[in-house]
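Secondary and tertiary structure notes
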Amino acid sequence: MIRKIKMTTVNDIYNYIDRLAPYSLQMDYDNSGMNVVFQEKEVKKALIALDITNEIIAEAEKEKAQLIITHHPVIFRALKTLDNRNPSVKLCIAGISAISAHTNFDSAKMNTILCKNLGLVPKEPLAVENGTPIGFVCDCVETTPEELAKRVKTTLGNTVVRYNGFEGCEKMIKRVAVCSGSGGSFLNDALSKKADCLITGDVKHDVFIDAYNAGICVIDGGHFHTENIFCEYMCDSLSERFSDVEFKVAVSNVDILSYQI
């Protein structure tokens, strides 16, 4: 009797990601999950990236990958026009599936990994929205804003880290709030938790001003760099679970911004 070897499908990988970072944790505005689906298609090779760009799709086609797994959904807002320059349309044409794990991964894993990489130990959630924890507040070995900003830059591989100075800036930081991605809106939560510093990304000018006036340090490590840690974690976890699938972080998974220093 010939025994049929079970193949790994997009659905199998989706279900495993759901166990790692339950999709029930995603925020109402999010669109995590199966964004482009060829559900019963066998997956032999998959690329992992923070976002899906047209360059990553071209890399997937060259690598003959059947799936791309990202943090940010390739379809976030409703599509009103199908344009062949749109990555989601390109994926359909190429027959490549796309799975994302966005705010569910933020809540379940991202900030835990970020804190660990920065040498910070989580003590309590920074905030809770719809019953879901967001970010952490951590105690840390006393340090200065400048020293902590350097740690963020070195650890995350940033080209540039922005942070605010304030009068009395020489005071030591002992309590740090951490929120990956774009967490400037959690400044008041950091203040209410008596944090001396908030580490996040995509910080707007008005948030820096409010922080300056409140006497709290804010370190902007960038959206890409505070979340790119998703890729290695997901690659390692999926490779361990699915030995018959080749997972790799896309070479094209880079910060698309250029910086003049």
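Residues numbered from 1 in each chain as written. Predicted model: local features only at pLDDT ≥ 70, side-chain atom pairs only at ≥ 80, totals over all residues. Heavy atoms only, no water.

Some points on the overall build of the protein
Our working definition: Each helix is a run of H or I in the DSSP string that is no shorter than four residues. Each strand is a run of E no shorter than two, and both are numbered from the N terminus. With the radius of gyration taken over C-alpha atoms, the globule rule is written as 2.2 Å times the number of residues to the power 0.38. Throughout this description, buried means an accessible area under 20% of the type-specific maximum (1.4 Å probe, protein chains only), exposed means over 50%, and partly exposed covers the range between. By the convention used here, residues are in contact when the closest approach between their heavy atoms is within 4.5 Å. Accessibility throughout is a Shrake-Rupley quantity obtained with a 1.4 Å probe, and a residue counts as covered only by protein chains that appear here. Charged residues are defined narrowly, with Lys and Arg counted positive, Asp and Glu counted negative, and His plus the chain ends left uncounted. To locate a charge, take NZ of a lysine, CZ of an arginine, CG of an aspartate or CD of a glutamate.
Across its full length, the protein holds 9 helices and 11 strands. Taken against the 2.2 N^0.38 rule, which gives 18 Å for 261 residues, the C-alpha radius of gyration of the protein at 20 Å falls within 12% of a compact globule. Projected onto the principal axes, the alpha-carbon positions of the protein cover approximately 75 × 40 × 30 Å. Per-residue burial for the protein yields a buried fraction of 49% across its 261 residues. In the protein, 68% of the contacts between residues at least 6 apart in sequence involve partners at least 24 apart. Carbon and sulfur atoms make up 51% of the accessible area of the protein, which totals about 13,400 Å². Both charge centroids of the protein, one from 28 positive and one from 34 negative side chains, sit 5 Å from each other.

Quick word on the side chain of H71
Mapped onto the elements, H71 comes out in the loop between β3 (67–70) and α3 (87–94). Looking at H71, the relative accessible area reads 0%, which means it is buried.

Let's talk about the sheet that holds strand β10 (residues 217–220)
Definition in use: Only strands that DSSP links by at least two bridges are regarded as paired with each other. Note on definitions: angles span 0 to 180 degrees between N-to-C directions of axes, and those axes are lines fitted to C-alpha atoms, for helices only across the stretch in contact.
Read across the sheet, 6 strands follow the order β5-β6-β8-β9-β10-β7 without closing on themselves; strand pairing throughout is mixed. Each of the sheet's edge strands pairs with one partner strand only, and the pair in question is β5 (121–129) and β7 (162–163). Relative to strand β9 (residues 197–200), strand β8 (residues 173–178) runs parallel, the two being bridged by 3 bridges. Bridge pairing in β9 places V176 opposite C197. In this fold helix α4 (residues 103–117) packs onto β5, β6 (132–143) and β8, with an angle of close to 10° to the strand it touches most, β6.

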